[in-house]
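# Understanding the architecture of this molecule
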Amino acid sequence: MTGIARPLRALAVAGAALLAMTAAAPVAVAGPVTGTGPGTEAPQEFVDLRSVDPTIITEMRYPTAHNFMGEPVDGYRQPVCILTRPAALALRTAQRSLLRQGYSLKVYDCYRPQRAVDHFVRWAKDLDDQAMKAEFYPSVDKTRLFEDGYIAENSGHSRGSTVDLTVVKLPALPTRPYEPGEELAPCFAPQDDRFPDNSVDMGTGFDCFDTLSHTDDPRVQGVQRANRQFLKKTLTDLGFVNLAEEWWHFTYQPELFPDTYFDFPVARRSVAGH
């Protein structure tokens, strides 16, 4: 064997050993599912809430321009509430209880793709875009949205077991659509002065970037506090955990996907046949 052949043979043996080790190693699956190709379909554990309980009112905000950015959010192709099946089934149980008392749940947001969260982050970094400030963050400087926790680079919604919702007194009155460019009122204004919502009075509107949105803020009293506690008790009795900073935000536990942030689009096609 020549002097050149020996090192070549050694290199080949080392390469073969490395390949064998790689083949034997387990492959970890983590992080977001891509939004193209196979990733456009949600895992079988996800369902359209309406297929589980069509009586729950759906008012998805992010496919519309009535949100803190003032435009439809990336990844929301249709106004459909997608959740993991256990979370959806728990909401069905809550709804049955509420219907007997003359109320209904209403969802504002459910599963949220990572691309939507990325859209939030881009918007938050654009300090010149403050078109919806007067309604959604009238008392907060946009430079503080990350520091104060209103915007983050990941959201529990992307794991599929978190939902934003409220309670509506039946019979539910229709809510008029938002007209882009209309005069805005602060989200913490008295109920009759805020953008109309057919829900019970929670003291602030949905997605109100203000400490008054904290579920147990001591400034919120009377009927408004009672309504928040009614919603909270109804859901926590069934396994949901409330985010203390947002009266509308609940996560069903244990989560099916506690470490995975999905990115399939919000569309009926994503959960067709589930």
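So, here's what we can say about the structure. Predicted, not measured: the structure shown is a model, and the values here were computed from it. (Residues numbered from 1 in each chain as written. Predicted model: local features only at pLDDT ≥ 70, side-chain atom pairs only at ≥ 80, totals over all residues. Heavy atoms only, no water.)

### Thoughts on the state of the cysteines
The bond known as a disulfide is covalent and runs between the sulfur atoms of two cysteines. As a reminder, the rule being used: Only a pair of cysteine sulfur atoms within 2.5 Å counts as a disulfide in this structure description. Secondary structure is summarised from DSSP: a helix means a run of H or I of at least four residues, a strand means a run of E of at least two, and numbering begins at the N terminus for each.
Evaluation of the coordinates by the stated rule reveals 2 disulfides. Paired through a disulfide, Cys81 and Cys110 show a sulfur-sulfur distance of 2.0 Å. Disulfide Cys81-Cys110: the torsion about the S-S bond is -100°, which places it as left-handed. Of this pair, Cys81 sits in the loop between strand S2 (57-58) and strand S3 (82-84) while Cys110 sits in the loop between strand S4 (103-109) and helix H4 (114-125), and the two are 29 residues apart along the sequence.

### With respect to the nonpolar core
As a reminder of what qualifies: Working definition of a nonpolar core: buried Ala, Val, Leu, Ile, Met, Phe, Trp, Tyr and Cys residues. They are joined through side-chain atoms within 4.5 Å. Only protein chains enter the accessibility calculation, which uses a 1.4 Å probe; a residue is then buried when its area is under 20% of its type maximum, exposed when over 50%, and partly exposed in between. The contact definition used throughout considers only heavy atoms, calling two residues in contact when any of these lie within 4.5 Å.
Phe46, Phe68, Leu91, Ile151, Leu165 and Leu231 are the most contacted members of the largest nonpolar core, which totals 60 residues. Per-element accounting of this core gives the leading share, 6 residues, to helix H3 (residues 85-100). If near-sequence neighbours (up to four positions away) are discounted, Phe46 is found in contact with Ile82, Leu83, Thr84, Tyr111, Arg159, Gly160, Phe257, Phe262, Phe264, Val271 and His274.

### Section: H3
Along an α-helix, residues three or four positions apart point the same way, because every turn accommodates 3.6 residues. As a reminder, the rule being used: Each helix should span, by expectation, one fewer than its residue count multiplied by 1.5 Å. Summarising the geometry, the arc corresponds to the directions from the helix axis toward the C-beta atoms.
The end-to-end C-alpha separation of H3 is 23 Å, in line with the 22 Å expected for 16 residues at 1.5 Å each. Among the residues of H3, Ala87, Ala88, Ala90, Leu91, Ala94, Gln95 and Leu98 are the ones counted as buried. Within H3, the buried residues cover an arc of 160° as seen down the axis, which keeps them to one side. Immediately downstream of H3, the backbone of Gly102 shows phi near 85°, a positive value.

### Things to note about the pattern of salt bridges
Quick note on the threshold: A pairing counts as a salt bridge when a side-chain nitrogen of Lys or Arg comes within 4 Å of a carboxyl oxygen of Asp or Glu.
If you walk through the whole model with that rule in mind, you get 16 salt bridges. A salt bridge links Arg61 to Asp197, with the shortest nitrogen-to-oxygen separation between them at 3.4 Å. Remark: Asp197 occurs in the loop between strand S5 (162-169) and helix H6 (222-236) and Arg61 occurs in the loop between S2 and S3; sequence separation between them is 136 residues. Residue Asp74 pairs with Arg122 through a salt bridge whose shortest N-O separation is 2.8 Å. Of this pair, Asp74 sits in the loop between S2 and S3 while Arg122 sits in helix H4, placing them 48 residues apart in sequence. Through salt bridges with shared partners, a single ionic network connects Glu59, Arg61, Lys106 and Asp197.

### Re unusual backbone geometry
Note that the residue after Leu170, namely Pro171, is joined by a cis bond; omega there is 0°. Among the structural elements, Pro171 can be located in the loop between S5 and H6. Cis geometry is found at the peptide bond from Gln253 to Pro254, where omega equals 5°. One non-glycine residue, Asp207, lies in positive phi territory at about 60°. Its place among the elements puts Asp207 in the loop between S5 and H6. Note on Asp207: relative accessible area 6%, which makes it buried.

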